[in-house]
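Structure assessment
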Amino acid sequence: MDTFTALAEGFGAALSPQNLLFALIGCLLGTILGILPGIGSTAGMAILIPLTLAMDPTSAIIMLAAIFYGGAYGGTITSVLLNIPGEGESAITCIDGYQMTLRGRAGVALTTAGVGSFIGGTIATLALVVAAQPLAELGLRIGPPEFFSLVMIGLALLVGLVGRSVLKGLISACLGLLIAMVGIDPVMGLPRFTFGLPHFFDGISYVPVLVGIFGLGEMLATSGAAPRPKAPTLRELLPNRTDVRRSAPAIGRASGIGTVIGLIPGVSSAISSLLAYSTEKKVSRHRDELGQGAIEGVAAPETANNAHSNAAFIPLFTLGIPASPAIAVLMGAFLQNGLTPGPQLFSSEPELVWTIIASLFVGNLLLLLLNVPLVGLWTRILAIPYSVLRAVIFAFIVIGSYAVSNSVIDIYVMVFFGLVGFVFRQVGLPLAPLVLTLILGPFIEGALRESLQISQGSFAIFIDRPLSLVFLLVAVLILAASLFGSGLKRKAGLPTDAEV
Amino acid sequence: MGSSKTTPDAAVTAEHRSPRRLDAVVAALVTCLGVAAILGSRTLGYWVELGPGPGFFPLWLGVALTLLGGIWLVMEVRAWRSPSGTDVAEVSAEEATPEYDLSTVIAILGSLCVLAACLEPIGYQLSMLVFLLYHLMVLGRRGPVLSIVIALCGSFGVFTIFTRFLTVPLPTSSIPFLRDLGL
């Protein structure tokens with residue numbers, strides 16, 4: 001049976017009333033869970049796995065997958081409307097999305113994010129159908145040195161992202177990495193910087209940190225005034241021709257970035273969002289507006305993270321490797337339902353695999369049909385008096401922080417990072433580098449240490465391996481271009497990139 | 001920096017504060033954090049038989065933070081002492097900070113800490129009820145009826161939804177009398 005016949009049969013099963021209903025429920029539940037700050041799609045899936053055990057395995061996986069990408073869209077809603085990212089991947093969207101909300105363009109931002117997510121997700125799923133096997137073989141060649149060098153590209157791009165003050169951007173990135181060091185050392189099993197508290201043996205969970213520095217920090221920084229803009233009218237929800245013309249190239253570029261990066265196991269979708277945003281800062285005709293409410297700043301990261309999320313199914317289906325924490329939870333759901341993801345699944349359960357792949361197309365379409373008309377409903381949140389909204393948000397950020405590990409310590413962590421976010425805003429330290437290095441810290445350190453173990457302490461391993469060398473050269477070129485470009489702009493008296 | 005008054009006029013803006021003083025304090029804190037990371041990493045082991053030890057990465061991070069924080073501190077102190085004061089005045093629109101009210105900031109942080117401290121002794125429902133009433137009636141100056149309805153929904157309503165339907169456990173009181181009442 002060839003690929004497209006198998007996919008056609010998959011569509012037949014995915015479009016059955018039962019599977020369609022579960023995909024719809026999953027999209028709705030995922031969006032609602034994604035809106036709740038601190039819960040997000042990963043925790044949402046984990047919470048709902050027990051409910052799926054009594055269901056047919058195919059329907060269960062379809063619903064959980066829909067919760068996964070529905071949650072990502074829900075996270076976008078809070079990022080845009082409230083400056084609270086549900087997940088790390090949405091952190092970048094806060095930058096321009098929230099600025100658009102402050103300018104009364106929340107509806108346009110959410111509609112663009114919905115359309116971009118649909119296009120990015122569909123392109124990535126097409127890649128899954130067409131090129132799963134050869135691309136997974138390429139992914140197999142990514143060892144620890146290549147992974148480390150690839151992350152260096154992301155960090156070099158951070159320098160471009162932070163714009164005016166490279167110094168402050170680097171400090172923020174180092175602080176994020178330092179926070180990521182808290183916990184049990186993965187190689188030696190020794191506790192590091194845990195202050196003797198067993199709670200921190202598993203590290204500082206990034207959910208209370210994100211909720212603190214973005215959500216609480218923003219509410220503290222704007223506590224002297226009610227900053228909520230008015231809810232947009234129906235006409236204001238629709239992107240105008242300029243918006244479409246500006247966001248289309250960004251969506252196209254971000255679809256490619258998210259699809260390619262999503263293939264690499266272990267690379268967070270936050271990297272795809274960051275790369276897509278940074279690419280816009282380099283190539284967009286309106287790059288000087290990024291950071292101040294530019295439509296490209298929403299279209300690019302949202303498209304990239306949804307493309308990434310869908311492409312991340314490729315290593316799961318072909319190698320049995322979960323590419324992200326959310327996919328790892330989904331893999332847990334497979335195992336709970338008696339299915340082992342991997343190459344053998346294509347031969348042992350072809351109908352199930354192709355039904356799930358077909359359901360990704362259907363789910364992305366459902367998400368678009370569901371969320372774009374409901375953008376008006378989501379933006380009605382803005383009509384609620386700020387004091388009421390603030391009190392309700394406090395209740396949810398407390399629950400979201402507590403629910404991570406059922407501990408009040410995480411509430412204190414959230415409050416502490418709220419204060420950190422507040423101070424960062426006052427002294428002009430950018431938040432994005434801290435958040436991204438916090439999430440990627442364990443992966444960066446793991447790859448560096450594994451590489452040095454392989455080479456018995458020789459750093460030459462990073463330039464001896466061709467792919468790693470190429471990645472490092474790209475990182476150096478990006479860094480040089482960013483610094484050179486910034487210097488030229490200063491000399492010419494032109495404005496540099498906006499601070500994050 | 002900042003103001004302790006609650007009137008809108010007292011809200012602190014970028015123009016009214018002296019950013020360099022706080023910047024210098026934060027730069028000094030970053031430098032101290034870097035030094036602490038270096039000292040902390042020394043007890044962890046820089047290199048072990050398997051390769052880089054648990055202290056390898058934190059040591060280099062500590063060195064980087066100390067250097068970067070030190071450079072920032074020197075820049076801030078020099079700008080502070082600059083007689084022309086041009087550096088101090090040069091705050092771009094990108095770096096302009098939003099308005100805040102120091103008394104509200106302290107009230108929010110304090111109330112969240114009190115809430116966290118009360119969650120386990122008296123449970124989520126009562127703690128959140130009082131917390132929400134404080135924020136709605138005292139800080140938000142909302143009417144009593146609306147405040148009570150929202151506070152009941154946010155405390156007892158949310159508890160029911162999360163514990164019964166979403167299977168997310170929320171804390172109940174550790175005091176037997178309150179626990180017996182389902183709180």
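Keep in mind that this is a model prediction, so the values were computed, not measured.

As a further point, take the confidence of the model for chain B. Residues and elements named next belong to chain B. Within chain B, residue pLDDT values average 81, and 81% of them lie at 70 or more. Predicted confidence for residues 1–17 stays below pLDDT 50, and this span has 33 contacts to residues more than four positions away or in other chains. Within the model, the stretch residues 85–96 combines pLDDT values under 50 with 17 contacts to residues more than four positions away or in other chains.

A few words now on the packing of helix α8 (residues 166–180) of chain A against helix α2 (residues 56–81) of chain B. A pair of packed helices is characterised by two quantities: the angle between their axes and the separation of those axes. Packing of α8 of chain A against α2 of chain B leaves a shortest axis separation of 10 Å and a crossing angle of 150°. Note on packing geometry: the crossing formed by α8 of chain A with α2 of chain B is left-handed. Contacts from Leu 167, Lys 168, Leu 170, Ile 171, Cys 174, Leu 175, Leu 177 and Leu 178 of chain A of α8 of chain A reach α2 of chain B at Phe 57, Leu 61, Ala 64, Leu 65, Leu 68, Gly 69, Ile 71, Trp 72 and Met 75 of chain B. Of the residues that constitute the contact of α8 of chain A with α2 of chain B, the class distribution is 15 nonpolar, 1 polar and 1 charged.

So, on to the interface of chain A and chain B. By a widespread convention, an interface's size corresponds to the accessible area lost as its parts come together. Tallying the contact residues gives 65 residues for chain A and 67 residues for chain B. Summed over both sides, the interface between chain A and chain B buries roughly 5800 Å², with carbon and sulfur atoms accounting for 79% of that surface. It is Leu 167, Ile 399 and Gln 426 of chain A in chain A that bury the most area against chain B; as a group they hold 10% of the surface buried on that side. Salt-bridge contacts for Lys 168 of chain A lead to Asp 23 of chain B; the nearest nitrogen and oxygen are separated by 4.0 Å. In this structure, the connection of chain A to chain B is made through 4 residue pairs in polar contact (both at pLDDT 80 or more). Taken together, the elements giving at least two residues each to the side of chain A that touches chain B come down to α8, β2 (191–192), α9 (206–221), α18 (386–405), α19 (409–427) and α20 (432–454) of chain A. Here the element with the most residues in the side of chain A that touches chain B is α18 of chain A; it accounts for 12 residues. Grouping the constituent residues of the side of chain A that touches chain B by class yields 45 nonpolar, 10 polar and 10 charged.

On average, residues of chain A score 79 in pLDDT, and 80% of them reach the 70 mark or higher. In the model, residues 491–500 of chain A has pLDDT below 50 throughout and makes 33 contacts with residues more than four positions away in sequence or in other chains.

Bringing the packing of aromatic side chains into the picture now. Residue and element names in this part refer to chain B. According to the stated counting rule, one finds 10 aromatic pairs over all chains in the structure shown. Between Tyr 46 and Trp 47, the ring centres sit 6.3 Å apart and the planes meet at 40°, which makes this aromatic pair tilted. Take Tyr 46: its relative accessible area is 36%, and that puts it in the partly exposed class. Arranged with centres 5.9 Å apart and planes meeting at 70°, the rings of Trp 47 and Phe 56 form a pair that is edge-to-face. Linked through ring pairs, Tyr 46, Trp 47 and Phe 56 together constitute an aromatic cluster.

Cut-offs and rules
- Residues numbered from 1 in each chain as written.
- Chains lettered and ligands numbered in written order.
- Predicted model: local features only at pLDDT ≥ 70, side-chain atom pairs only at ≥ 80, totals over all residues.
- Heavy atoms only, no water.
- pLDDT = per-residue confidence, 0-100.
- Contact = heavy atoms within 4.5 Å.
- Axes fitted to C-alpha atoms, helices over the stretch in contact; angles between N-to-C directions.
- Helix = DSSP H or I, 4+ residues; strand = E, 2+ residues; numbered from the N terminus.
- Left-handed = near helix turned anticlockwise from the far one by under 90°.
- Nonpolar A, V, L, I, M, F, W, Y, C, P; charged D, E, K, R; others polar.
- Buried area = accessible area lost by both parts, 1.4 Å probe.
- Salt bridge = Lys/Arg side-chain N within 4 Å of Asp/Glu carboxyl O.
- Polar contact = N/O pair within 3.5 Å; in protein donor to acceptor, adjacent residues only side chain to side chain.
- Phe/Tyr/Trp six-rings, centres within 6.5 Å; stacked < 30°, edge-to-face > 60°.
- Buried < 20%, exposed > 50% of the residue type's maximum accessible area, 1.4 Å probe, protein only.

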